[in-house]
Amino acid sequence: MPKKTIENGLFVTFEGPEGSGKSTQIKMLAERLTEQEYEVVVTREPGGTILGEEIRKLLIEFREEDIADEAELLLFGASRAQHMRRKILPCLKRGGIVLCDRFVDSTTAYQGYARKLDFGFIQNLHAFSLCGRWPDLTFVLDIDVDTSYQRMSKRYQNSAPVNDRIEAESRAFHTAVREGFLDIAKKNPGRVKVIDANRLPEIIAADLWWEVYHAIV
Ligand code: Z5A
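As a starting point, this report considers the structure included with it. Bear in mind the structure is a predicted one, so any value in this text is a computation, not a measurement.

Cut-offs and rules
- Residues numbered from 1 in each chain as written.
- Predicted model: local features only at pLDDT ≥ 70, side-chain atom pairs only at ≥ 80, totals over all residues.
- Heavy atoms only, no water.
- Near = heavy atom within 4 Å.
- Polar contact = N/O pair within 3.5 Å; in protein donor to acceptor, adjacent residues only side chain to side chain.
- Areas by Shrake-Rupley, 256 points an atom, 1.4 Å probe, with all protein chains shown as cover.
- Helix = DSSP H or I, 4+ residues; strand = E, 2+ residues; numbered from the N terminus.
- Nonpolar A, V, L, I, M, F, W, Y, C, P; charged D, E, K, R; others polar.
- Axes fitted to C-alpha atoms, helices over the stretch in contact; angles between N-to-C directions.
- Parallel < 35°, antiparallel > 145°, perpendicular 65-115°, else oblique.
- Left-handed = near helix turned anticlockwise from the far one by under 90°.
- Contact = heavy atoms within 4.5 Å.
- Salt bridge = Lys/Arg side-chain N within 4 Å of Asp/Glu carboxyl O.
- Buried < 20%, exposed > 50% of the residue type's maximum accessible area, 1.4 Å probe, protein only.

1. Section: the site of the ligand
At step 1: The ligand sits among 29 residues. The nearest are K22, S23, T24, T107 and R155.
At step 2: Side-chain polar atom of E18 to an oxygen atom of the ligand: 3.0 Å apart, as the coordinates give it.
At step 3: At a separation of 2.5 Å, an oxygen atom of the ligand approaches a polar side-chain atom of S23.
At step 4: Burial of the ligand by the surrounding chains reaches 83%, relative to a free accessible area of 1,100 Å².
At step 5: Listing elements by their share of the shell around the ligand, those giving two or more residues are α1 (22-35), α2 (50-61), α3 (69-93), α4 (104-114), α6 (145-158) and α8 (201-216).
At step 6: Top contributing element to the shell around the ligand by residue count: α4, with four residues.
At step 7: Split into classes, the residues belonging to the shell around the ligand amount to nine nonpolar, nine polar and 11 charged.

Structure (structure tokens):
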């Protein structure tokens, strides 16, 4: 059966603090869109390509020496440049839907607001890696830092703890990240929607579906 297509595709990104439910919501939305016979590509950053997944390992697990903040920023940019050209743009050109777990706003929030790297440089890096195609719609799933910590600790009761370099940052760092996402949303009200992620997953999913449905029709 040929898939339904959308002119120029639809590019949706999911942002927010750790444990805000991005993966949970992406899975639910992907199932719904697939049932409706769209081509859906689910992907993530850092990662999404073979090269990107290698870079992801470095960014999250590398502990052999301290990674300079500037080097970290460029690694996220390298992963994205590959991701955009080899996976995201080809899907959008076919008229498909890309659902991406974290994207440019994570770089602005983590490396800009929290690491305090130069915002002008970060914007230029976005322009360089994106080939002019920004997400059509971005959901910031918002939870506070305490809720984020609670959800992560619950998750680690059921699996081995992940050796995550960025997750291990201070409470002040994660607070700055959350505030960064809220500020990005304020500055980009057309593209970025803040979603209260402190509700039942099914209720959040209904809100997301409403937004995506209106972006498609
Ligand atoms: N990073 C960066 O610094 N710069 C960048 O440019 C980019 C990323 C792209 C990647 O982390 C790290 O890289 C991240 C930012 C940084 N570091 N930090 N901190 P990641 O991809 O490995 O992980 P993550 O994206 O931070 O989060 P996550 O662990 O994958 O969580 P999630 O996908 O948002 O949530 P989830 O897995 O769907 O749910 C988490 C738990 O909460 C789970 O037990 C669920 O059952 C539960 N859950 C989900 N929804 C709910 C609701 N509604 N109520 C209650 N409980 C829920």
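2. Concerning the packing of α4 against helix α5 (residues 119-130)
At step 1: At a closest axis distance of 10 Å, the pairing of α4 and α5 adopts a crossing angle of 155°. Looking at the two axes, α4 sits roughly antiparallel to α5. The element α4 and its partner α5 pack so that their crossing is right-handed. Contacts from V104, T107, T108, Q111, G112 and Y113 of α4 reach α5 at F119, I122, H126 and L130.
At step 2: When grouped by side-chain class, the residues that make up the contact of α4 with α5 number five nonpolar, five polar and no charged.

3. Considerations on the pattern of salt bridges
At step 1: One pass over the full model with this rule turns up 15 salt bridges.
At step 2: A salt bridge links K57 to E54; the shortest N-O distance between them is 3.2 Å. With a gap of three residues between them, K57 and E54 both fall in helix α2, about one helical turn apart.
At step 3: Note on K57: relative accessible area 45%, which makes it partly exposed.
At step 4: For K187, the salt bridge goes to D183, with nearest N and O atoms at 3.0 Å. Highlighted residues: K187 and D183, both in helix α7 (residues 171-187), separated by four residues, approximately one helical turn.
At step 5: Take K187: its relative accessible area is 57%, and that puts it in the exposed class.
At step 6: Look at D183 and you get partly exposed, because its relative accessible area is 22%.
At step 7: Look at the salt bridges and you will find they share partners, linking D69, E72, R115, R165 and E169 into a network.

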